[in-house]
Amino acid sequence: MKKFIFSLLMFINLLNCVFGQDYWQKTNGPASEPISSLVINSNGYLFAGTYGKGIFFSTDKGNTWQQTALKNSWVNCLAINSSGFIFAGTDAGGIYRSTDNGSTWTQINKNITWTWIKSFAFNASGHIFTGTYKGG
């Protein structure tokens, strides 16, 4: 009987460890549009790209949100390089870069023939690579 009770307690404890932990907490969200990507910079700012409303940021772990200067854009991907620059890949607008936490954005589409940006990657040397919808 003692072995049965011990086994039962161990089973309940295992279930509690597997299913009893809350890892996610819903926030208010930055916009009524779907969120396409999230990044966090070294200062703890959370940036959210949206489909149609541009980019929002939060300085309090997602409790409140403010829209950045990049508005009314379809943002597919976000990335932050080792210098803290934020890169936004958009539909039809190409790549935008911010060096000031989203206060201003500069379009940087040099040598990009198809401006529907879908993904970013950085190599060890800090070079940025991008994947596009149809243009390579």
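What you see is a predicted model; the values in this text were computed from it and never measured.

Thresholds applied
- Residues numbered from 1 in each chain as written.
- Predicted model: local features only at pLDDT ≥ 70, side-chain atom pairs only at ≥ 80, totals over all residues.
- Heavy atoms only, no water.
- Phe/Tyr/Trp six-rings, centres within 6.5 Å; stacked < 30°, edge-to-face > 60°.
- Pairing = 2+ DSSP bridges.
- Helix = DSSP H or I, 4+ residues; strand = E, 2+ residues; numbered from the N terminus.
- Buried < 20%, exposed > 50% of the residue type's maximum accessible area, 1.4 Å probe, protein only.
- Salt bridge = Lys/Arg side-chain N within 4 Å of Asp/Glu carboxyl O.
- Contact = heavy atoms within 4.5 Å.

Colleague: Provide a residue-level description of the packing of aromatic side chains, including the pertinent values.
Modeller: Tallied over the entire structure, the rule returns seven aromatic pairs. Of the aromatic side chains, those joined through ring pairs into one cluster are Tyr45, Phe47 and Phe57.

Colleague: Tell me what's going on with the sheet that holds strand 7 (residues 94-98), and back it up with residues and numbers.
Modeller: If you walk across this open sheet you meet the four strands as 5-6-7-8, and the pairing is antiparallel. At either margin of the open sheet sits one strand with a lone partner, and together these are strand 5 (75-80) and strand 8 (106-107). Looking at chain direction, strand 6 (residues 86-90) and strand 7 are connected through five bridges and run antiparallel. Across the sheet, Phe87 pairs through a bridge with Arg97, a residue of strand 7.

Colleague: Could you give an account of the pairing of strand 5, with specific residues and numbers?
Modeller: With five of six residues buried, strand 5 is to be regarded as a mostly interior element. Strand direction decides the pairing type here: strand 5 and strand 6, joined by five bridges, are antiparallel. Opposite Val75, over in strand 6, you have Thr90 as the bridge partner.

Colleague: How would you explain the pattern of salt bridges if you had to name every residue and give the values?
Modeller: In this structure the tally under the stated criterion is one salt bridge. The shortest N-O distance in the salt bridge between Lys118 and Asp91 comes to 3.3 Å. Here the residue Lys118 occupies a position in strand 9 (residues 117-122), and Asp91 occupies one in the loop between strand 6 and strand 7, the gap between them amounting to 27 residues. In this structure Lys118 comes out as partly exposed when scored by relative accessible area, which is 35%. Using a relative accessible area of 21% as the deciding quantity, one classes Asp91 as partly exposed.

Colleague: Describe the pairing of strand 6, with residues and values.
Modeller: Buried residues dominate strand 6, accounting for five of its five residues. Going residue by residue along strand 6, you find Ile86, Ala88 and Thr90 tucked away on one face and Phe87 and Gly89 tucked away on the opposite face as well. Where strand 5 folds back on strand 6, the antiparallel hairpin that results is connected by five residues, among which Gly84 adopts a positive phi of roughly 90 degrees. Between the antiparallel neighbours strand 6 and strand 7 lie three residues, among them Ala92 with a positive phi of about 70 degrees.

Colleague: Run through unusual backbone geometry, naming residues and quoting values.
Modeller: Residues other than glycine predominantly adopt negative phi, and peptide bonds predominantly adopt the trans conformation. Although it is not a glycine, Lys61 sits at a positive phi angle of roughly 65 degrees. You can see Lys61 is positioned in the loop between strand 3 (55-58) and strand 4 (66-67). The class for Lys61 is exposed, based on a relative accessible area of 76%. A positive phi is found at Ala92, a non-glycine position, where the angle reads about 70 degrees. As for its position among the elements, Ala92 is in the loop between strand 6 and strand 7.

Colleague: Pulling in residues and values, what's your account of the environment of Ile95?
Modeller: Mapped onto the elements, Ile95 comes out in strand 7. In this structure Ile95 comes out as buried when scored by relative accessible area, which is 5%. Between the alpha carbons of Ile95 and Thr115 there is a distance of 7.4 Å; along the sequence they are 20 residues apart. Beyond its immediate chain neighbours, meaning those up to four positions away, Ile95 contacts Phe87, Ala88, Thr106, Gln107, Ile108, Asn109, Ile112, Ile117, Phe120 and Thr130.

Coordinates in, geometry out; function isn't part of it.
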